[in-house]
Amino acid sequence: MSLARGLLAALAAAAVALPVAGCGGNDSGGSQTVEHTRVQVVEGLGKKGFDPAGVYRQLSPGVVTITSLFGNQGGSNVLGSGGSAGQGSGFVIDGNGHIATNAHVITNGTGAKIAKANEVYVQFPDGNQVPAKIVGYDPNGDVGLVQVDPEGLDLVPLPLGHTGAVHVGDPVAAIGSPFGEENSLSVGVVSAKNRTIDALTDFSISDAIQTDAAINRGNSGGPLLDGHGRVIGINSQIRSSGGGSVGVGFAVSVDTVRRSIDQIRAGGKVRYAYIGISSQPLYPQLARKLGLPVSTGALIAQVVKGGPADKAGLKGGGKEMRFQASLVKVGGDVITKVNGRPITRDNDFSEQITRYRAGDTVTLELYRGSKRREARVTLGERPASVPSK
């Protein structure tokens, strides 16, 4: 479930009264002055082991609380006129006032019905409260980007890490505003990688990081930090039967965050490649049951009519059979490689397609029964919703 939705009237009333105020980090220590903006550069964390107090002390000034106002009566944001509000977290990424957060912190709705907030306000830990403009958002990756006027502010950009450097068991710190309690710290470890979580569309986010650091409503958009103080993800969702933290939280990986932010900055929109299939993971026992000559891959369940895969002649499953505890559509092609990269894990296929852009052509190695073949597929652009099959 998303973490930011639902903190309403009192937050919005305070946000309406916020005063209106008035570039990137480098590798050297100390601080730099950009006009009237002070940009603090952070370095050197994690050299002597995990130090949560040090991570918090140096990086929490760069974590902010975000309040978004949504009006639905002629653009009005007055709650008594039918408007609403939500609160989440975010973090500074450069000296120009750009702040990363979740898309669901600054939008309402899902799929084709997503609407951005009418007003966004950012509260810094030093007490400054300023309006922000929405630069853009990526509903498929649940990443949003807002910008404040940096003049007169003390900005602490948080450095971005890389997902490849993240390992299960690594210590992590989450900073954000759970239940509106600004700049709260929780710590834990990376408990899994490559988890699949819901996006704001009909598609999924397949490379999420799972953590047991306490994450609750209001943490959405805040950073998940490694022991070196690098952002490895944006805290986004929890899995809970009662709505509270039970040690299973999820962060959108920093690689997804970086890709989304780069495209938002470049053109205000994030585009994803689309192949037009639904698939199921193939594993050794299922492969033996089906008499296939390969033991791993993506077993095509359905092919979207008129989509890129359909045009390339890929075949989906026909009849449905029960195997172990699952229903499996059988008879479809098995994709084993994308441009020479093997598919061995559940999410490999979707992650590999995400590496490409609409218009790119990829070569798939696949098996139809026992026969190996190759297919060249020109990828399309992912739609807002899954077309009917």
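The rules behind the values
Residues numbered from 1 in each chain as written. Predicted model: local features only at pLDDT ≥ 70, side-chain atom pairs only at ≥ 80, totals over all residues. Heavy atoms only, no water. Salt bridge = Lys/Arg side-chain N within 4 Å of Asp/Glu carboxyl O. Helix = DSSP H or I, 4+ residues; strand = E, 2+ residues; numbered from the N terminus. Buried < 20%, exposed > 50% of the residue type's maximum accessible area, 1.4 Å probe, protein only. Polar contact = N/O pair within 3.5 Å; in protein donor to acceptor, adjacent residues only side chain to side chain. Contact = heavy atoms within 4.5 Å.

*Asks:* How should I be thinking about the pattern of salt bridges in this particular structure?
*Replies:* Pairing is possible between side chains that carry opposite charge, provided their charged atoms lie close to one another. Within this structure, the stated rule accounts for 10 salt bridges. One salt bridge connects E381 with R271, and the closest N-O pair in it is separated by 3.6 Å. Taken as a pair, E381 in strand β27 (residues 380-381) and R271 in the loop between α3 (254-267) and β18 (273-274) lie far apart in primary sequence, 110 residues in all. Residue R271 is classed as partly exposed on the basis of its relative accessible area, which comes to 46%. R372 is the partner of E365 in a salt bridge, and the nearest nitrogen-oxygen pair spans 3.0 Å. Take E365: its relative accessible area is 12%, and that puts it in the buried class. You can call R372 partly exposed: its relative accessible area is 46%. Connected via shared salt-bridge partners are K269, R271 and E381.

*Asks:* How should the side chain of T354 be read in this particular structure?
*Replies:* Take T354: it is sitting in helix α6 (residues 348-354). Since its relative accessible area comes to 16%, T354 is described here as buried. Polar side-chain contacts of T354 include one of 2.8 Å to the backbone oxygen of S350. In this structure T354 touches R259, Y272 and R382, once residues within four positions along its chain are discounted.

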